[in-house]
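Report on the structure
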Amino acid sequence: MKAKSNRKSTKSVFPVIKIGYDQKIIYSNLAGLPILQEWDCALNAKLPEYILARYTALKNCFVNKATDEMLVPFRDFIIRFRVSASPVEGFIELAGYKIDTAVPVKDYKFHLN
């Protein structure tokens, strides 16, 4: 009989965006499409360099294949993504796990509630 593991699976059941190691967007669910539009990219298109520069967690995942958290401001919200590499499958996965409301301050940076 197989022993049950107490560890939670690190794989997302519902990934939002998948990016190939060639930095092309290979998958997006419906929730991810407005984010891709805001980033000026689309399915099967290469991720713009300024996105990698803006989100160091994403860039580090491409370089080090390390799992990290990425905060993405979108409209009046901050979306929290887990960024993780899938070396066998050959892509980086962005899995959304929390949405916070953002409170703009006078210098247009966002603070989490």
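As shown above, the structure is provided for reference.
All of the points below concern the structure found in this document.

What counts and what doesn't
Residues numbered from 1 in each chain as written. Predicted model: local features only at pLDDT ≥ 70, side-chain atom pairs only at ≥ 80, totals over all residues. Heavy atoms only, no water. Helix = DSSP H or I, 4+ residues; strand = E, 2+ residues; numbered from the N terminus. Buried < 20%, exposed > 50% of the residue type's maximum accessible area, 1.4 Å probe, protein only. Contact = heavy atoms within 4.5 Å. Salt bridge = Lys/Arg side-chain N within 4 Å of Asp/Glu carboxyl O. Pairing = 2+ DSSP bridges. Phe/Tyr/Trp six-rings, centres within 6.5 Å; stacked < 30°, edge-to-face > 60°. Lys NZ or Arg CZ within 6 Å of the ring centre and 35° of its normal. 1 Å grid on protein atoms, 1.4 Å probe; cavity = no way out; pocket = protein on both sides within 12 Å on 5 of 7 lines; lining within 4 Å. Points joined across faces, edges and corners; volume = space filled by probe spheres on them. Nonpolar A, V, L, I, M, F, W, Y, C, P; charged D, E, K, R; others polar.

**Some details on the overall build of the chain**
Within the chain, the secondary structure is distributed over three helices and six strands. For the chain, the α and β elements follow one another from N to C terminus as β-β-α-α-α-β-β-β-β. By residue count, 36% of the 113 residues in the chain fall in the buried class. Considering only intrachain contacts with a sequence separation of at least 6, the fraction spanning at least 24 residues in the chain is 36%.

**A closer look at the pattern of salt bridges**
Evaluation of the coordinates by the stated rule reveals four salt bridges. Between Arg82 and Glu93 there is a salt bridge whose closest N-O contact spans 3.3 Å. Note that Arg82 is positioned in strand β4 (residues 77-86) and Glu93 in strand β5 (residues 91-104), a separation of eleven residues in sequence. You can call Arg82 partly exposed: its relative accessible area is 23%. Using a relative accessible area of 6% as the deciding quantity, one classes Glu93 as buried.

**Examining the pairing of strand β1 (residues 17-20)**
Bridge count for β1 against strand β2 (residues 25-28) is three bridges, and the pairing is antiparallel. Across the sheet, residue Ile19 finds its bridge partner in β2, namely Ile25. Hairpin remark: β1 followed by β2, antiparallel, with four residues in the connecting loop; positive phi at Gln23, about 70°.

**Some points on the packing of aromatic side chains**
Enumeration over the complete set of coordinates arrives at one aromatic pair. Taking NZ or CZ as reference, Lys18 lies 5.6 Å from the ring centre of Tyr27, over its face. For the cation-ring pair, Lys65 lies above Tyr21, with the distance from its terminal atom to the ring centre recorded as 4.4 Å.

**Some words on the layout of surface pockets**
Picture a little ball the size of a water molecule; that probe, rolled over the atoms, points out where space is still empty. Here the largest pocket is characterised by a volume of approximately 180 Å³. Lining the largest pocket are Val16, Ala31, Pro34, Ile35, Phe74, Phe77, Ile79, Phe81, Gly96, Tyr97, Lys98 and Ile99. Looking at the lining of the largest pocket, the elements that each hand over two or more residues are α1 (33-38), β4 and β5. Its residues assigned to classes, the lining of the largest pocket shows ten nonpolar, one polar and one charged.

All we've got here are geometric facts, nothing functional implied.
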